[in-house]
Amino acid sequence: MEVKNLKKYYPIKKGIISKTVGYVKAVDDVSFSIYPGETVGLVGESGCGKSTTGRSLVRLEDPTSGQVIFEGKDLASISKKEMRELRTDLQIIFQDPYSSLNPRKRIGDLLAEPLLAHKLASKAEAAEKVNHILETVGLSKHYKNRYPHEFSGGQRQRIGIARALMLHPKLIICDEPVSALDVSIQAQVLNLLKDLQKEFNLTYIFIAHGLGAVKYISDRITVMYLGKIMEMAKTKEIFEHPMHPYTEILLNAYPVPNPHMRDREQIVVEGDVPSPAHPPKGCVFHTRCPFAKDICREKVPELNGTDHLIACHFPLSQ
Amino acid sequence: MGELLKVDKIKTEFKTDKGMVTSVDEVSFDLKEGETICLVGESGCGKSVTSLSIMHLLDKNGSVTHGSILLNGKELVNMSEAEMRKVRGNEISMIFQEPMTSLNPVLTIGDQLTEGIRLHMGYSKKEARDYAVEMLKKVGIPRAEGIVDDYPHRLSGGMRQRVMIAMALSCKPKLLIADEPTTALDVTIQAQILKLMKGLRSESKTAIILITHDLGVVAEMADKVAVMYAGQVVEETDVFTLFDNPKHPYTLGLMKSIPHITNPDDMRLESIPGSVPSVYNMPKGCRFYDRCPFAMKRCLEEKPELRPIEDKKSHSIRCFLYEKEEREFEEKKQDEKEVLS
Ligand SMILES: Nc1ncnc2c1ncn2[C@@H]1O[C@H](COP(=O)(O)OP(=O)(O)OP(=O)(O)O)[C@@H](O)[C@H]1O
Ligand SMILES: Nc1ncnc2c1ncn2[C@@H]1O[C@H](COP(=O)(O)OP(=O)(O)OP(=O)(O)O)[C@@H](O)[C@H]1O
Ligand SMILES: [Mg+2]
Ligand SMILES: [Mg+2]
């Protein structure tokens, strides 16, 4: 999949006639590619546009402009009908496993639904498939007659994963799939995602706040800030040689579960993330960047590089 | 340093339409002036209920039915509401789990801050306002003079949380209870707030009960840690021992299941299978029994007690695996007593 200059602006409306008075630039000119079988982690602070990017990739949002090329087709411009056919290849797992499952339907019906809707299987075949998928995600097939509220958070997230797998997708957007779960349960779900990827050669976009989980699962990592990509590189590169000051600060702000390291030097940035309705001019990070110079306040840095992409006028030296 | 708080085997129960449920059972810990204890454990294990029990802020259907909570030697469990109101604010403050819902949307930040200050510190209106501005500056709020007259909805989540902290600290409490104060915040804001709490702690010797499920935050902040599981403390010790030499099988599992950026690349996470027992159906024996890799037959039937195995670092564990250590420790104590007498 190749994403080119993707933008998603939400209009800000005011008054009785709903005049558009401005735009929330949720995703602002984002480009990157994803290779089959890999996991790309998407990190950044709340509101930086991770979910909007993820949703635009599978056309749950209509992008304002830009292209999303998947197997030669531009998902941003194809018809609804064509998209419906591609839907089987592109799935999404949501953060809140509860609100994304219809509480009035039994698990078995919830899981069989997409297969039947796409007329990909008979009722009997679908039932067979449900048993198999439940087993794949580590749940007993007897659970299929139960309702979502009868499950724990971790189990519900497994059901969400099972549902995404029913159609044998090629690419799954995982939007904070473990954030709502307890640590001991997070590990179960992360391991499950890893195992399934190997088994079915899945491609993942993995969105998360927690850097630990992202590092554990991702081959490459994209760091976003205010709707833009700041840095993208192999996971090891990002952690060992971050080049963008924001990446460095983000890595550094993360508390280390080792009390012997509590007195380490720490750069703490001041201030809050600016509003995406009024992003700063020039480099969007300049208002909080300890290294900002005049040019950063004026000129938007381009995302440059081949393997290690970075958008900064003054990248940190290695 | 004197002992400030002693929580001794408290039990908190709720009346529900499915009968009485016990949310907190035999929870004990103590805290000295200036010391920070972290309460950790999975969702629903009773962390918030423990702190609300101390504060007398449980929902109407809940109460502390056993045990004792001593603050500076005063018993809080059966204290009258009028007396308790004085303790809250004067001696104990709390930062709640949901900062958004605990600020009043129709009052300005200043009104909310000065109310407590005037009540507990006896300041005039003007003095209280000046002090409120000073507190807001202290917690790193820019334009504090302007913000005092703003309403909460105009502030970002990080700012609101800082307002809550300013409010909690303005009456210089001896004890601060902070329930997941940074969980809803971004990491860069979290780093700001943790730094702030550390500063205030060393400045005013405030003791802190910090509730969190983030072991990174625990490692940054705690002097000691109580690990809770299904309403009980299963292990309690100083923070270094907890990370270097955890003993309870649940703590061990928890430590191995944190994905962390300093983990080696090829390390596979270990997960604890299964999930927490329901409050409506608590096991008779050890509550971790069905998820424990070392479970023995007796763990199903008998209830383990929280017992010390060492006193220099005061390390206590609720597990039969350490019975030998517990017994040896007790014998040693007994011997020491005899030698002394
Ligand atoms: N439907 C919408 N209408 C208007 N604005 C929106 C809409 N959806 C998202 N936004 C805005 O777009 C920006 C990006 O939101 P998005 O949900 O993509 O962030 P995110 O990085 O996923 O954040 P989080 O980590 O909190 O989930 C935010 O400022 C958000 O308020
Ligand atoms: N008013 C109430 N009535 C009945 N049960 C309650 C009430 N308040 C809390 N409980 C129960 O008490 C138990 C402990 O809840 P508590 O809020 O202390 O958990 P917690 O450890 O703070 O979890 P979290 O990490 O999710 O905040 C839960 O099982 C909860 O359902
Ligand atoms: Mg999101
Ligand atoms: Mg709680």
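These remarks concern the structure in this document. (Residues numbered from 1 in each chain as written. Chains lettered and ligands numbered in written order. Predicted model: local features only at pLDDT ≥ 70, side-chain atom pairs only at ≥ 80, totals over all residues. Heavy atoms only, no water.)

Quick word on the sheet that holds strand β3 (residues 39-43) of chain A
All names here are of chain A. On the basis of which strands lie adjacent, the open sheet formed by seven strands has the order β6-β7-β8-β3-β9-β10-β11 and mixed pairing. In the strand order of this sheet, the two ends are held by β6 (90-93) and β11 (309-310), each with one partner. Running over the sheet, helix α1 (residues 50-57) touches β3, β6, β7 (171-175), β8 (203-207) and β9 (220-225) and is turned about 155 degrees from β8. The sheet strands contacting helix α6 (residues 183-200) are β3, β6, β7 and β8, and the helix crosses β8 at an angle near 160 degrees. (Pairing = 2+ DSSP bridges. Helix = DSSP H or I, 4+ residues; strand = E, 2+ residues; numbered from the N terminus. Contact = heavy atoms within 4.5 Å. Axes fitted to C-alpha atoms, helices over the stretch in contact; angles between N-to-C directions.)

So, the site of ligand 1
Residue and element names in this part refer to chain A. The local shell around ligand 1 holds 13 residues, among which Ser46, Gly47, Lys50, Ser51 and Thr52 are the closest. The contact in question runs from an oxygen atom of ligand 1 to an N or O atom on the backbone of Gly49, over 2.9 Å. Between ligand 1 and Lys50 there is a distance of 2.8 Å, counted from an oxygen atom to a side-chain nitrogen or oxygen. Within the complex, 63% of the 630 Å² of free accessible area of ligand 1 lies under protein. The dominant element in the shell around ligand 1, judged by the number of residues it contributes, is α1, at three residues. Residues belonging to the shell around ligand 1 are distributed by class as follows: five nonpolar, six polar and two charged. (Near = heavy atom within 4 Å. Polar contact = N/O pair within 3.5 Å; in protein donor to acceptor, adjacent residues only side chain to side chain. Areas by Shrake-Rupley, 256 points an atom, 1.4 Å probe, with all protein chains shown as cover. Nonpolar A, V, L, I, M, F, W, Y, C, P; charged D, E, K, R; others polar.)

So, the interface of chain B and chain A
Taken residue by residue, the interface counts 46 residues in chain B and 40 residues in chain A. Across the chain B to chain A interface the summed buried area is about 3,700 Å²; carbon plus sulfur atoms make up 56%. Between the two partners, chain B and chain A, sit two salt bridges. Across the salt bridge formed by Arg264(A) and Glu220(B), the nearest N and O atoms sit 2.9 Å from each other. Applying the counting criterion to the chain B and chain A interface returns 13 residue pairs in polar contact (both at pLDDT 80 or more). Elements represented by at least two residues in the side of chain B that touches chain A include exactly α7 (157-170), α8 (187-204), α9 (215-221) and α10 (239-244) of chain B. Examining the composition of the side of chain B that touches chain A, we find that eight residues originate from one element, α8(B), more than from any other. Residue classes in the side of chain B that touches chain A are distributed as 21 nonpolar, 13 polar and twelve charged. (Buried area = accessible area lost by both parts, 1.4 Å probe. Salt bridge = Lys/Arg side-chain N within 4 Å of Asp/Glu carboxyl O.)

Re unusual backbone geometry
Residues and elements named next belong to chain B. One non-glycine residue, Lys9, lies in positive phi territory at about 45 degrees. In this fold, Lys9 is placed in strand β1 (residues 3-16). For Lys9, a relative accessible area of 44% translates into the label partly exposed. Not every positive phi belongs to a glycine, and Ala230 is a case in point at roughly 45 degrees. One can find Ala230 in the loop between β9 (224-229) and β10 (232-238). Ala230 gets classed as buried once you look at its relative accessible area, which sits at 6%. (Buried < 20%, exposed > 50% of the residue type's maximum accessible area, 1.4 Å probe, protein only.)

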